[in-house]
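# A structural walkthrough
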Amino acid sequence: MKKITTLIATVALGTIAFGQTQRLVLVEEFTQASCPPCAAQNPAFNTLLNANTTKAASIKYQTSWPGVDPMNAQTQLAGVATRVTYYAVTGVPEAPMDGSLANVSTPNYAGAPANYTQAILDNEYAVPAPFTLTVSHTMSADWDSIFMTATVTAAQAFTFTGTGKLHLVLVENNIHFATQPGTNGELDFEHVMRQMYPTSAGTTLSASWTNGQTQVFNVSGALPNYIYDYSQMSVVAFIQNDGDKAVEQAARSAALPVNFLDIGVSSVTAPTLDCTGTITPTFVITNHSATSTLTSATIHYQVDALAPATY
């Protein structure tokens, strides 16, 4: 199934009183595999985010500058360019929290990942949200398509100051490279945006909501063909007010176990060419499937410009 579809169901529950509710903080970062400041700030930043998975969800957009980045080449048109323009990002790394740089503006430049602290995350987490939001996802039998369900419920009467949007984002929780894909030395990249559904523009929400009003969004679309590890795929959903870019609520669904054969080369070691003119490279093959046993495989390889070979 390649076509993206969206189904919306609306339910009015006017007799139920909700009040404001607990938020999940959304942290977005614009970063790049050839950006030296990104490599300097990301380790501590990722450690903080990974220690707060019950309080915050994160999305990383790999940008097209300052150098090479294969993840950007894959996802530039899938949403990176749109989000760069949306936030008017001119340099990396930059990391808005819930759509704003205000609370992460010091002691470095506004939005620096190095500005983040536990106290900043805790303070934002303590701000009540005007919506509750849940998201779940399943895959087609052949893992060709993804099916997402997001439920939005107003916890109070609410009117967007601009256009309210629901965004559904496929992220790859961890991408590991055996050798650096860029020039800044980074090998591990976390929560990388891989696709936005139904598009990077999101789905427009009703302008005004009554207390308890609920909408259910069923969105389906094709999985991109550049996923490194299917077992690392999660979905992050968030509600954003385009009037002031405030993120009103976020949610995340967990990665699913891979139930088909999904193998890949997890590392390559190529010794230096010796005096005999031969090398003996070592390849580590990983079966990412949670349920299927790998019994055989055909490995295609190529050395420089020589003819491709098969093992």
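What counts, and where the lines are drawn
- Residues numbered from 1 in each chain as written.
- Predicted model: local features only at pLDDT ≥ 70, side-chain atom pairs only at ≥ 80, totals over all residues.
- Heavy atoms only, no water.
- Helix = DSSP H or I, 4+ residues; strand = E, 2+ residues; numbered from the N terminus.
- Buried < 20%, exposed > 50% of the residue type's maximum accessible area, 1.4 Å probe, protein only.
- Expected span 1.5 Å × (residues − 1).
- Bend = angle between axes of the 7 residues up to and from the residue.
- Contact = heavy atoms within 4.5 Å.
- Disulfide = S-S within 2.5 Å.
- Pairing = 2+ DSSP bridges.
- Right-handed = clockwise from strand over helix to strand, strands pointing away.
- Phe/Tyr/Trp six-rings, centres within 6.5 Å; stacked < 30°, edge-to-face > 60°.
- Salt bridge = Lys/Arg side-chain N within 4 Å of Asp/Glu carboxyl O.

What follows deals with the overall build of the chain. Check the secondary structure of the chain and you find three helices and 17 strands. Put simply, the chain has 311 residues, and 45% of those count as buried.

Quick look at helix H1 (residues 36-50) now. Look at H1: 22 Å from first C-alpha to last across 15 residues, which is about the 21 Å you get at 1.5 Å a residue. Largest kink in H1: about 40°, centred on Asn-42, with the proline Pro-43 one to four residues after it. Buried residues of H1: Cys-38, Gln-41, Asn-42, Phe-45, Asn-46, Leu-48 and Leu-49, and no others. Looking at the buried positions of H1, the neighbouring elements they touch are strand E2 (25-31), strand E3 (56-62), helix H3 (118-125) and strand E8 (188-197).

In total, this model carries one disulfide according to the counting rule given. Here Cys-35 connects covalently by a disulfide to Cys-38, the sulfurs 2.3 Å from one another. Disulfide Cys-35 to Cys-38: torsion about the S-S bond roughly 85°, handedness right-handed.

A few words on the pairing of E3. When a strand is regular, its side chains alternate between the sheet's two faces. Of all seven residues that make up E3, seven are buried, and the element is covered over most of its length. Two elements, E2 and E3, share seven bridges in a ladder whose sense is parallel. Within E3, the position partnered with Thr-31 by the bridge is Gln-62. Of the crossover connections in this fold, the one passing from E2 over H1 to the parallel E3 is right-handed.

All right, on to the packing of aromatic side chains then. The final tally for this structure, using the stated rule, is 11 aromatic pairs. On the numbers, 5.9 Å between centres and 75° between planes, the contact of Phe-30 with Tyr-87 is edge-to-face. Note that Phe-30 is positioned in strand E2 and Tyr-87 in helix H2 (residues 70-87), a separation of 57 residues in sequence. Given a relative accessible area of 0%, Phe-30 falls into the buried group. What makes Tyr-87 buried here is its relative accessible area of 12%. With centroids separated by 5.0 Å and ring planes inclined at 55°, the aromatic side chains of Phe-45 and Tyr-116 adopt a geometry described as tilted. Taken as a pair, Phe-45 in helix H1 and Tyr-116 in the loop between H2 and H3 lie far apart in primary sequence, 71 residues in all.

Scanning the model with the defined rule gives six salt bridges in all. When the shortest N-O distance is used, the salt bridge between Arg-83 and Glu-28 registers 2.8 Å. You can see Arg-83 sitting in helix H2 and its partner Glu-28 sitting in strand E2, a full 55 residues away along the chain. Each member of the pair Arg-83 and Glu-28 is classed as buried.

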